[in-house]
Amino acid sequence: MNPLLSIIVPVYNQEKYLARCLDSILNQTYKNLEVVCIDDKSTDSTADIINRYKIKDSRVIYYRNISKGVSSARNFGIEKSKGDYIGFVDSDDFVQPQMYEFMLKAVTDNNCEMAACGYERVDEANYRSFEYQARECKTSEFVDMYNFEKIIKNEMILSSACTKLVQKEFLKKYGRFGNYTVGEDTVFCAGLWANSSKAVLVDLPLYGYFNNQHSVLHKKVDTNKIDLMRARLAAYKIYRNYDEKTAACFLFRNVARMERCVREKELTEKSSYIQMNKIFMKCVPHFLHLKELNLKEKLFYISKFISNYFKYKFKNI
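Just so we're clear, the structure is a prediction, and the values are computed from it rather than from any experiment.

A. Summary view of the pattern of salt bridges. One pass over the structure, following the stated rule, counts 17 salt bridges. Two residues, Asp39 and Arg64, come together in a salt bridge whose shortest N-O distance is 2.7 Å. In this pair, Asp39 is assigned in strand S2 (residues 33-39) and Arg64 in strand S3 (residues 60-64), connecting sequence segments 25 residues apart. By relative accessible area, Arg64 is classed as partly exposed at 47%.

B. Molecular detail of the pairing of S2. The element S2 is extensively covered by neighbouring structure, given that seven of its seven residues are classed as buried. Alternating positions in S2 separate into two faces, Leu33, Val35, Cys37 and Asp39 on one and Glu34, Val36 and Ile38 on the other, with burial throughout. Regarding topology, helix H1 (residues 18-26) serves as the crossover connection from strand S1 (residues 5-11) to the parallel S2, and that connection is right-handed. As judged from the five bridges shared by S2 and S3, these two strands associate in the parallel manner. Bridge pairing links Ile38 to Tyr63 in S3. Handedness of the crossover joining S2 and S3 through helix H2 (residues 46-56) is recorded here as right-handed.

C. Structural view of the nonpolar core. Judged by nonpolar contacts, the single largest core of 102 residues is most densely connected at Phe88, Trp193, Tyr207 and Met276. At eleven residues, helix H9 (residues 244-263) tops the list of elements feeding residues into this core. Here Met276 is in contact with Ile226, Met229, Met258, Cys261, Val262, Leu267 and Phe305, once residues within four sequence places are set aside.

D. Local environment of helix H5 (residues 148-159). Taking 1.5 Å of rise per residue, the twelve residues of H5 would be expected to cover 16 Å, yet its terminal C-alpha atoms sit only 14 Å apart, more than 12% below that figure. The secondary structure elements touched by the buried residues of H5 are strand S6 (114-122), strand S8 (164-167), helix H7 (184-195), strand S9 (199-210), helix H8 (222-239) and H9.

E. Just the packing of aromatic side chains, in detail. Under the definition given, this model contains 19 aromatic pairs. The interplanar angle of 65° and the centroid separation of 6.2 Å between the aromatic rings of Tyr146 and Phe252 together place this pair among those described as edge-to-face. With Tyr146 in the loop between strand S7 (135-136) and H5 and Phe252 in helix H9, the pair connects residues that are 106 residues apart, well separated along the chain. Overall, Phe252 belongs to the buried group, its relative accessible area being 4%. One aromatic cluster is present, formed by Tyr146, Phe148, Phe252, Phe287, Phe300 and Tyr301 through successive ring pairs. Geometry around Phe210 places Arg20 over its ring, the cationic atom sitting 4.8 Å from the centre. The positively charged end of Lys56 is found above the aromatic ring belonging to Tyr53, 4.3 Å away from the centroid.

Basis of the calculations
Residues numbered from 1 in each chain as written. Predicted model: local features only at pLDDT ≥ 70, side-chain atom pairs only at ≥ 80, totals over all residues. Heavy atoms only, no water. Salt bridge = Lys/Arg side-chain N within 4 Å of Asp/Glu carboxyl O. Helix = DSSP H or I, 4+ residues; strand = E, 2+ residues; numbered from the N terminus. Buried < 20%, exposed > 50% of the residue type's maximum accessible area, 1.4 Å probe, protein only. Right-handed = clockwise from strand over helix to strand, strands pointing away. Pairing = 2+ DSSP bridges. Core = buried A, V, L, I, M, F, W, Y, C linked by side-chain atoms within 4.5 Å. Contact = heavy atoms within 4.5 Å. Expected span 1.5 Å × (residues − 1). Phe/Tyr/Trp six-rings, centres within 6.5 Å; stacked < 30°, edge-to-face > 60°. Lys NZ or Arg CZ within 6 Å of the ring centre and 35° of its normal.

What is shown is where atoms sit, not what they do.
Structure follows, in structure tokens:
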């Protein structure tokens, strides 16, 4: 058995890091893979770099997608991929040489639909050799109601598409990227976890997440913050029928983030506060029914948000 893996790489103006990314995938210990590059109409030398790699290695496949963002690029890549399993790598990141060998072994040995792996935040590539290890896992082990640092530490294991290898047929049934500027991975992965019969964690830092200060995530714009709030509410609704602890953490984190956002006046446009308030009000009925929080805690966050929201509203009439 030698299944084909499709590794989807959405690309937009990443000429500085793209070669490192492609090299890390093409130099995998598991060789039967295709690298599906979806160029979202880059204006730098991205196309030239990919075409050079195509000439050197027939496993590189190049598509120039309509400029609609990373979600559209990934969905396009899913449709075009020919592999039995699908993975994702962001074009400014890199992967360790054994990543897909270990991930495929975890999926096939455990007869499951997907595997996740560990990661590390990096500034430069540092390639190492690891001993294989994998175990069954649940999303609840990656979250904690009162420890946001734990959630942040495990966030990519839980909510990044890039730390996953997924059966294509399972992914096509339960995994599509929604229309979010950020947070699309959060909803996508919630659908995978909630519908998988069994998930396996390769507990090794196989994915290198590059601290790119110019990425979409680091742009402090209202749309990003609002979309992340939308995504967390959507993830809560998916997780609540799968694991109550995970669902509660997503909702609590979302409500707490919105309370801080209005308290510290983080948004720049009045219309953004109106959008956030609509999301908050959708959260409230669910928030009041959380078993993991007492009534005092619930009322604290709700009252603080409402108080600060109306202070802002009346001040800006």
